[in-house]
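In case you want the letters, here they are:
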Amino acid sequence: MNKIGIIGAMELEVSELKSKMEVKNVVERAGMKFFDGTLSGKDAVIVQCGIGKVNAGMCVQILADLFNVDAVINTGVAGSLRAEVNIGDIIISTDACEHDMDVSALGYEPGIIPQMETSFFKADSTLASKAKAVCERVNPEISVYDGRIVSGDQFISDGATKDRLIKLFDGSCAEMEGAAIAHAAFLNKLPYVVLRAISDKADDSAHMDYPEFERAAAAHCARLVDNLLAEL
Ligand code: ADE
């Protein structure tokens, strides 16, 4: 792979990686700053896309059009949807879907995007398996799981919504950008993987857990991405 795009929604999800990058150029587009340089010896572009699916999808398009990246990695935090996946642990995407896509009034299952070939965007299996091996090596104190990322323009913080996402989509974690990145990567025929560290359990305690654990969770992901790049 020649050049990797690395996307985080928030500053805390990209700041550590940016501090390690040898930056050669900074380009601003659509209010996003693209840091073009090398990370762990690999050509890469690091960008903070902002929160939510529109920001995330636009960011992938700019990475494809302007920087010609040949893979996209999304790093950040998420709410766990699985009892065994604890705060601090990492989920590596098998695939991703948009939980707030709902055309059920016209007979489509929730999450299905009408007139698209797929609504469950498969992650690149090579990127995912390398990420898992690297994570086990560099973050030995936590557990790493494969699973489905479910994304929507909502912070999930109640038991009923969490149960819905588990029942309808069999999601492993909920966040707000991964599936949009996956969707845009699919449209551009780019391999992608989403790497998410758990900051909360997407339940009634999420609004309290999130501010306490987001920083430590993001640090686990940054360590993973930095070391993963060295292997690509
Ligand atoms: N990111 C981190 N925790 C989240 C949650 N509970 N819902 C949506 N996005 C999140």
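Look up a bit, the structure's there.
None of the values given here were measured: they were computed from a predicted structure.

**Remarks on the overall build of the protein chain**
When its secondary structure is counted, the protein chain shows six helices and 10 strands. Rg of the C-alpha trace for the protein chain: 16 Å, near the compact-globule value of 17 Å for 232 residues, within the 12% margin. Here the C-alpha coordinates of the protein chain stretch approximately 50 × 40 × 30 Å along the principal axes. Counting only residues that meet the buried cut, the protein chain has 55% of its 232 residues in that class. Sequence-distant contacts in the protein chain: of pairs separated by 6 or more residues, those separated by 24 or more amount to 78%. Summed over all atoms, the accessible surface of the protein chain reaches about 9800 Å², with 49% contributed by carbon and sulfur. Here the protein chain contributes 22 positive and 35 negative side-chain charges, whose respective centroids are spaced 4 Å apart.

**Overview of the pattern of salt bridges**
Counted by the stated rule, this structure contains 13 salt bridges. For the salt bridge of Asp226 with Lys20, the shortest nitrogen-to-oxygen distance reads 3.5 Å. Residue Asp226 is found in helix H6 (residues 206-229), and its partner Lys20 is found in helix H1 (residues 11-20); the two are separated by 206 residues along the sequence. Residue Lys20 is classed as partly exposed on the basis of its relative accessible area of 43%.

**Thoughts on the site of the ligand**
Gly79, Phe155, Ile156, Glu175 and Asp200 are the nearest of the 13 residues found near the ligand. A distance of 2.9 Å is found between a nitrogen atom of the ligand and a backbone nitrogen or oxygen belonging to Ile156. In the model, a nitrogen atom of the ligand is placed 2.6 Å from a nitrogen or oxygen of the Asp200 side chain. Computed on the free molecule, the ligand has an accessible area of 260 Å², of which 96% lies beneath the protein chains in the complex. With respect to the detected pockets, the ligand is housed in the largest pocket. Of all elements in the fold, only strand S5 (71-80), strand S9 (173-175) and strand S10 (192-200) reach the threshold of two or more residues within the shell around the ligand. Among the elements that make up the shell around the ligand, the one with the highest residue count is S5 (three residues). Across the shell around the ligand, the residue classes break down as eight nonpolar, three polar and two charged.

**A closer look at the packing of aromatic side chains**
Taken as a whole and assessed by the stated rule, the structure comprises three aromatic pairs. On the numbers, 5.2 Å between centres and 25 degrees between planes, the contact of Phe34 with Phe67 is stacked. Within this pair, whereas Phe34 is found in strand S3 (residues 32-39), its partner Phe67 is found in helix H2 (residues 53-67), the two being separated by 33 residues in sequence. Judged by its relative accessible area of 0%, Phe34 falls in the buried class. Here Phe121 and Phe186 contribute two aromatic rings whose centre-to-centre distance is 5.4 Å and whose plane-to-plane angle is 50 degrees, an arrangement assigned as tilted. With Phe121 in strand S7 (residues 121-122) and Phe186 in helix H5 (residues 178-187), this pair connects stretches of sequence that are 65 residues apart. Since its relative accessible area comes to 1%, Phe121 is described here as buried. A residue is classified by how much of its surface remains accessible, and Phe186, at 31% relative accessible area, is partly exposed.

**What about the environment of Asp70?**
Summarising the element assignment, Asp70 is placed in the loop between H2 and S5. Judged by relative accessible area, Asp70 falls into the partly exposed class, the value being 25%. Contact partners of Asp70, with chain neighbours within four places excluded, come to Met1, Asn2, Lys3, Leu190 and Pro191. A polar side-chain atom of Asp70 sits 3.0 Å from the main-chain amide nitrogen of Asn2.

**Overview of the nonpolar core**
By size, the foremost hydrophobic cluster in this structure holds 73 residues, and its most contacted members are Ile6, Ile7, Phe34, Leu63, Ile90, Tyr192 and Leu195. Sort the elements by how many residues they give to this core and H6 lands first, with nine residues. In terms of nonpolar packing, the next biggest core, distinct from the first, is built from eight residues, Leu81, Phe169, Ala174 and Ala202 among them.

**Focus on the packing of H2 against H5**
Two elements in contact, H2 and H5, have axes separated by 8 Å at closest approach and are oriented at 35 degrees. Relative to H5, H2 is oriented so that their crossing is right-handed. Within the contact between the two elements, H2 uses Lys53, Ala56, Gly57 and Val60 and H5 uses Ala180, Ile181, Ala184 and Ala185. Here the residues of the contact of H2 with H5 sort into six nonpolar, one polar and one charged.

Parameters and conventions
- Residues numbered from 1 in each chain as written.
- Predicted model: local features only at pLDDT ≥ 70, side-chain atom pairs only at ≥ 80, totals over all residues.
- Heavy atoms only, no water.
- Helix = DSSP H or I, 4+ residues; strand = E, 2+ residues; numbered from the N terminus.
- Rg over C-alpha atoms; globule rule 2.2 N^0.38 Å.
- Buried < 20%, exposed > 50% of the residue type's maximum accessible area, 1.4 Å probe, protein only.
- Contact = heavy atoms within 4.5 Å.
- Areas by Shrake-Rupley, 256 points an atom, 1.4 Å probe, with all protein chains shown as cover.
- Lys, Arg positive; Asp, Glu negative; His and termini not counted.
- Charge placed at Lys NZ, Arg CZ, Asp CG, Glu CD.
- Salt bridge = Lys/Arg side-chain N within 4 Å of Asp/Glu carboxyl O.
- Near = heavy atom within 4 Å.
- Polar contact = N/O pair within 3.5 Å; in protein donor to acceptor, adjacent residues only side chain to side chain.
- 1 Å grid on protein atoms, 1.4 Å probe; cavity = no way out; pocket = protein on both sides within 12 Å on 5 of 7 lines; lining within 4 Å.
- Sits in = over half its atoms within 2 Å of the grid points.
- Nonpolar A, V, L, I, M, F, W, Y, C, P; charged D, E, K, R; others polar.
- Phe/Tyr/Trp six-rings, centres within 6.5 Å; stacked < 30°, edge-to-face > 60°.
- Core = buried A, V, L, I, M, F, W, Y, C linked by side-chain atoms within 4.5 Å.
- Axes fitted to C-alpha atoms, helices over the stretch in contact; angles between N-to-C directions.
- Left-handed = near helix turned anticlockwise from the far one by under 90°.

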